[in-house]
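# Examining the three-dimensional arrangement
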Amino acid sequence: GNKFKLTKIITGYSYKDTYNKWNFNYQGLLNFSSLSFNTVQGWNLDSGFSFRKWNEENGKFTNISSTFNYGFAEDRLRIKARFYHRFNNKNYANFSLTGGSAIEQINNSEPISPFINSLSTLFFKNNFMKLYNKEFVKAIYGMEVTNGLFMNTSLEYENRHALFNNTDYTFIKSDDLYSSNNPLDPTNESSIPFAPHHIMKFNIGTRILFGQKYISRPDGKLNVPNEDYPVLSFNYEKGFSASNSDYTYDFIAGRIDYDKSIGNKGNFALRVKAGKFFNAEDISFIDYKHFNGNQTHVNFRGNYLNAFNLLPYYSNSTNDAYIETHVEHNFKGYIMNKIPLLNKLQWNLIGSFNQINVPDTKPYQEFSVGFDNIGFGKFRFLRIDYVRAYQNGYLGDGVMFGVQF
């Protein structure tokens, strides 16, 4: 498997030394698994290298990687690199350093994947993904301070620039125009959502797992979460030393996650997030709180407790305060198994509710009902939901198709 051939310069190459506990990977010049399309870069794909060395006795490992991304319509190469080291398998202390040039979604929730955006753009001329460029350096340190209490902190420098569409290529014949790369002014190709600037960002966060048990072993600590208690997370972020003083801000946020199996009645899951900006009246649009919307009617990521089904990507973005709520109950077989004939399908009934509260506007709400475990035999990966959205009255409805493996 370690034999090298000239064709692997194109297709990729991996080398593994199991005795000395290290491996090396090269993605190849034609890494088609990374190929995607957007209106800023046109067709683009990645290549890169990675090296990993590990110690099975204490859980220590080091990973060094680089990514080369090239956009053909933009005619631009971006390079970033990452160093990651985990110190042990007991408190999971880890450090990472990342830097380089990257293209990122303006909506920092990254609501649409490159694959889905490629299909939406090329077949329907819906270029939902809005992008910007940043040169950056970011350092992160994290660890388990004591049993059930995890903390991490980061410091990042970012130099940000707006980007423009560079192609109108499509697979279909249509007179429709692509929207601009500015979500605040989608019909004006020459407009930008923010002025070029640089900023420093400091972040510290904690996650608390109440009632966590653990197993001590010579090679480390194995944590066993307790589903009887919610998981609490808190975060503080400060933007400072910006080239525009209006872009500095303070931000605090919290989150509650609760996932509970209720016997034969299914699984109940809850996620509530809340946050508040301070001194943030004129901050960059990038640093707003953006929500994980969806305008494609498909969900291939399975993040139903972290996303909305019909929400436009920037309609409720805020630099003030917010509360985000997601509730879902999967009845498993509790209801469907009691209905003759339908019980043969082995589908699971699911009900869910999503809501956003921001100041000076009516709440955005979604109610949905659907089925998962749809398929045949052991291949049951499809989920379908019917969704209705409300904000100051009825907004619309739709069907969401999802894949869960």
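Heads up: these notes are all about the structure in this document. (Residues numbered from 1 in each chain as written. Predicted model: local features only at pLDDT ≥ 70, side-chain atom pairs only at ≥ 80, totals over all residues. Heavy atoms only, no water.)

This part is about the overall build of the protein. Along the backbone of the protein there are two helices and 21 strands. Taken over C-alpha atoms, the radius of gyration comes to 23 Å for the protein, in line with the 22 Å a tight globule of 405 residues would show. For the protein, the C-alpha atoms occupy an extent of roughly 65 × 60 × 50 Å along the three principal directions. Going through the 405 residues of the protein one by one, you find that 43% of them count as buried. Accessible surface for the protein amounts to roughly 21,300 Å². Of this, 59% is attributable to carbon and sulfur atoms. In the protein, which carries 42 positive and 36 negative side-chain charges, the distance between the mean positions of the two groups comes to 11 Å. (Helix = DSSP H or I, 4+ residues; strand = E, 2+ residues; numbered from the N terminus. Rg over C-alpha atoms; globule rule 2.2 N^0.38 Å. Buried < 20%, exposed > 50% of the residue type's maximum accessible area, 1.4 Å probe, protein only. Areas by Shrake-Rupley, 256 points an atom, 1.4 Å probe, with all protein chains shown as cover. Lys, Arg positive; Asp, Glu negative; His and termini not counted. Charge placed at Lys NZ, Arg CZ, Asp CG, Glu CD.)

Now for unusual backbone geometry. A positive phi angle, close to 55 degrees, is found at Asp-75, a residue other than glycine. Locating Asp-75 in the fold gives a position in the loop between β5 (61–71) and β6 (76–86). With relative accessibility at 55%, the residue Asp-75 sits in the exposed group. Backbone geometry places Glu-110, a non-glycine residue, at a positive phi of 50 degrees. Topologically, Glu-110 is positioned in the loop between β7 (94–105) and α2 (114–124). Exposure remark for Glu-110: the relative accessible area of 37% places this residue in the partly exposed category.

What follows concerns the nonpolar core. It is characteristic of soluble globular proteins that their nonpolar side chains tend to be buried jointly. Tyr-249, Phe-291, Ile-356 and Tyr-364 are the most contacted members of the largest nonpolar core, which has 36 residues in total. Elements with a minimum of two residues in this core: β8 (131–146), β14 (249–261) and β20 (379–390). Looking at which element gives the most residues to this core, the answer is β14, with three residues. Aside from chain neighbours lying at most four places away, what touches Ile-356 is Phe-291, Phe-308, Leu-311, Asn-316, Ile-323, Pro-363 and Tyr-364. (Core = buried A, V, L, I, M, F, W, Y, C linked by side-chain atoms within 4.5 Å. Contact = heavy atoms within 4.5 Å.)

For the rest of this paragraph, the subject is the pairing of strand β18 (residues 348–357). The element β18 is extensively covered by neighbouring structure, given that seven of its 10 residues are classed as buried. The pairing of β18 with strand β19 (residues 364–376) spans nine bridges and is classified as antiparallel. Looking at β19, one finds that Leu-349 is bridged to Phe-371. (Pairing = 2+ DSSP bridges.)

So, on to the side chain of Arg-380. With respect to the helices, strands and loops of the structure, Arg-380 is situated in strand β20. For the buried residue Arg-380, which engages in no salt bridge, the nearest side chain bearing the opposite charge is Asp-372, 8.9 Å off. One polar contact links the side chain of Arg-380 to the main-chain carbonyl oxygen of Asn-373, over a distance of 3.1 Å. Excluding anything up to four places from it in sequence, Arg-380 contacts Leu-345, Gln-346, Trp-347, Asn-373, Ile-374, Gly-375 and Gln-404. (Salt bridge = Lys/Arg side-chain N within 4 Å of Asp/Glu carboxyl O. Polar contact = N/O pair within 3.5 Å; in protein donor to acceptor, adjacent residues only side chain to side chain.)

Okay, the packing of aromatic side chains next. Here the distance between the centres and the angle between the planes together describe a pair of aromatic rings. A full pass over the atoms with the stated rule returns 29 aromatic pairs. Arranged with centres 5.8 Å apart and planes meeting at 35 degrees, the rings of Trp-22 and Phe-51 form a pair that is tilted. Of this pair, Trp-22 sits in strand β2 (residues 22–26) while Phe-51 is found in strand β4 (residues 42–54), placing the two residues 29 residues apart along the sequence. On the basis of an interplanar angle of 55 degrees and a centroid distance of 5.1 Å, the ring pair of Phe-285 and Tyr-288 is categorised as tilted. Classification of Phe-285 by relative accessible area gives buried; the value is 7%. (Phe/Tyr/Trp six-rings, centres within 6.5 Å; stacked < 30°, edge-to-face > 60°.)

Before going further, it helps to spend a moment on the environment of Ile-252. Summarising the element assignment, Ile-252 is placed in strand β14. Classification of Ile-252 as partly exposed rests on a relative accessible area of 40%. Placed 23 residues apart in sequence, Ile-252 and Gly-275 show a C-alpha to C-alpha distance of 5.5 Å. Discounting chain neighbours no more than four positions away, the residues touching Ile-252 are Asn-235, Tyr-236, Ala-274, Gly-275, Lys-276 and Phe-278.

Moving on, we get to the environment of Ser-109. Here Ser-109 lies in the loop between β7 and α2. Classification of Ser-109 as partly exposed rests on a relative accessible area of 26%. When the C-alpha positions of Ser-109 and Gly-293 are compared, they lie 8.7 Å apart, and in sequence the two are 184 residues distant. Those residues in contact with Ser-109 that sit more than four places away from it in its chain are His-290, Phe-291 and Asn-292. In this structure the side chain of Ser-109 is engaged in a polar contact, spanning 2.9 Å, whose partner is the backbone oxygen of His-290.

It is worth spelling out the pairing of β20 at this point. Bridging between β19 and β20 involves nine bridges; their strand directions are antiparallel. Each residue of the ladder has a partner; that of Gln-365, found in β20, is Tyr-390. Taking the residues between adjacent antiparallel strands as the criterion, β19 and β20 are bridged by two residues, where Gly-377 takes a positive phi near 55 degrees. One ladder, built from nine bridges, connects β20 with strand β21 (residues 394–403); its direction is antiparallel. Paired with Arg-383 across the strands is Gly-402, a residue of β21. Taking the residues that link successive antiparallel strands as the turn, the β20-β21 hairpin has three residues, and the phi of Asn-392 there is positive, at about 55 degrees.

Before going further, it helps to examine the pattern of salt bridges. Oppositely charged side chains can form a pair if their charged atoms are brought close together. Following the criterion strictly, the structure yields 20 salt bridges and no others. Note that Arg-76 and Glu-135 form a salt bridge whose closest N and O atoms lie 3.4 Å from each other. Here the residue Arg-76 occupies a position in strand β6, and Glu-135 occupies one in strand β8, the gap between them amounting to 59 residues. When its relative accessible area of 28% is taken as the criterion, Arg-76 is described as partly exposed. We classify Glu-135 as partly exposed; its relative accessible area is 26%. Note that Glu-227 is salt-bridged to Lys-260, the shortest N-O span being 3.9 Å. Remark: Lys-260 occurs in strand β14 and Glu-227 occurs in the loop between β12 (220–224) and β13 (231–240); sequence separation between them is 33 residues.

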